[in-house]
Amino acid sequence: MSLPTTRVLTVLELLQAHGRMSGPELARRVGVDGRTLRRYVASLEEIGIPVTAERGRHGGYALVPGFKLPPMAFTNDEALALALGLLAARSLGLSGVVPAVASAHAKLERVMPEALKQRVRAIDDTVALDLAKGDARDAGADNAALVILSQAAQARQRVHLIYRTERGASERDVDPWGLAWRGGRWYAVGYCHLRRGLRSFRLDRIEQVHAIPASFGRPEGFDVLAHLVSSMAMRSRTHAIEVLLHADITTAQREIFETIGVLEPAGDSTLLRAQADDLAWFARELSRLPFEFEIRQPDALRAALLAQVERLQRRHGGRG
């Protein structure tokens, strides 16, 4: 929907909500000057919505008393905001929120046209949100890419995208399995036909995307957020790490943040597999654990941990 049309509908919504508004206030809320506002009011009148205009200090704009407004209308971006807001509310896990979200969702679907209804359902079916603390670094991501990818994931329809990497832009076909918000960024997860494997794509790096006439299958119960967390933890880096933690997996999960690596049960212990570029940082993370552990690889991590122990001893000695 074009920007002027969106703003004309905003004028209608404001008059519906406030009854009467002064010209300057209405123009400020819509983000236009007075002359443009008068054009928007004229546009409403052209489509049969009677608006009264009174001059003077106490004048302003209002809908004709008793006029029955048309059904509630949403722009594409408004529908996207509503869908994500409802999904976020349900993700909070608060008592009573889930039935309230379902009720709100049903009410919105009754007044939405079919095209917007499908977009909201696609978001609900294919998007996962991790609401843990994180900076919203992906504010510049394209809403259209999110809508196209969520609809394609819901319909099991392949997409063609142009993706920007550190080495430049590349084109590829992708089967989108789902989308997720994590750490302040949007990601799409799917099978990449260029790399012939499951990959994740940052939405702010997608320059173009469109659906193509090809379908795909997706494993039932695929957890897009769990896959994203695991793939980030095991992304190839300088050092491959294995540490045997002398704690059961439940205890280990409480002490180790999930992106540091992958935890696997190993009898009464837990095996931590990870990748890291900075072994000194990894050694600091190990040094804060309340249980014992055994470094299996690499040897350089043992040296980094020894250096961390010596730093702590010097710091303690300095205070003594």
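Now for a quick tour of the structure. (Residues numbered from 1 in each chain as written. Predicted model: local features only at pLDDT ≥ 70, side-chain atom pairs only at ≥ 80, totals over all residues. Heavy atoms only, no water.)

The helix and strand tally for the chain stands at eleven helices and 13 strands. By residue count, 39% of the 320 residues in the chain fall in the buried class. Restricting the contact set of the chain to residue pairs at least 6 apart, pairs at least 24 apart contribute 61%. Accessible surface for the chain amounts to roughly 18,100 Å². Of this, 51% is attributable to carbon and sulfur atoms. (Helix = DSSP H or I, 4+ residues; strand = E, 2+ residues; numbered from the N terminus. Buried < 20%, exposed > 50% of the residue type's maximum accessible area, 1.4 Å probe, protein only. Contact = heavy atoms within 4.5 Å. Areas by Shrake-Rupley, 256 points an atom, 1.4 Å probe, with all protein chains shown as cover.)

Tallied over the entire structure, the rule returns four aromatic pairs. Seen in terms of ring centroids, Tyr163 and Phe201 are 5.1 Å apart; in terms of plane orientation they differ by 85°. Their pairing is edge-to-face. Of this pair, Tyr163 sits in strand S5 (residues 157-165) while Phe201 sits in strand S8 (residues 197-202), and the two are 38 residues apart along the sequence. When sorted by exposure, Tyr163 lands in the same class as Phe201, which is buried. Considering the side-chain rings of Trp181 and Trp186, the 5.5 Å spacing of their centres and the 65° angle between planes classify their relative orientation as edge-to-face. For Trp186, a relative accessible area of 10% corresponds to the buried category. (Phe/Tyr/Trp six-rings, centres within 6.5 Å; stacked < 30°, edge-to-face > 60°.)

A separate point is the side chain of Ser170. By the secondary structure assignment, Ser170 is in strand S6 (residues 168-182). A distance of 2.6 Å separates a polar atom in the side chain of Ser170 from a polar atom in the side chain of Arg172. Beyond its immediate sequence surroundings of up to four residues, Ser170 is in contact with Leu161, Ile162, Tyr163 and Leu194. (Polar contact = N/O pair within 3.5 Å; in protein donor to acceptor, adjacent residues only side chain to side chain.)

Buried residues of helix H2 (residues 23-30): Leu26, Ala27 and Val30, and no others. In an axial view of H2, the angular spread of the buried residues amounts to 100°, which keeps them on one side of the axis. Seen from the buried face of H2, the exposed residues on the opposite side, beyond 90 degrees, are Pro24 and Arg28. (Arc of directions from axis to C-beta.)

Residue placement: Gln308 occurs in helix H11 (residues 299-319). Residue classification places Gln308 among the buried residues on the basis of a relative accessible area of 7%. Once residues within four sequence positions are removed from consideration, Gln308 is found in contact with Ala283, Arg284 and Ser287.

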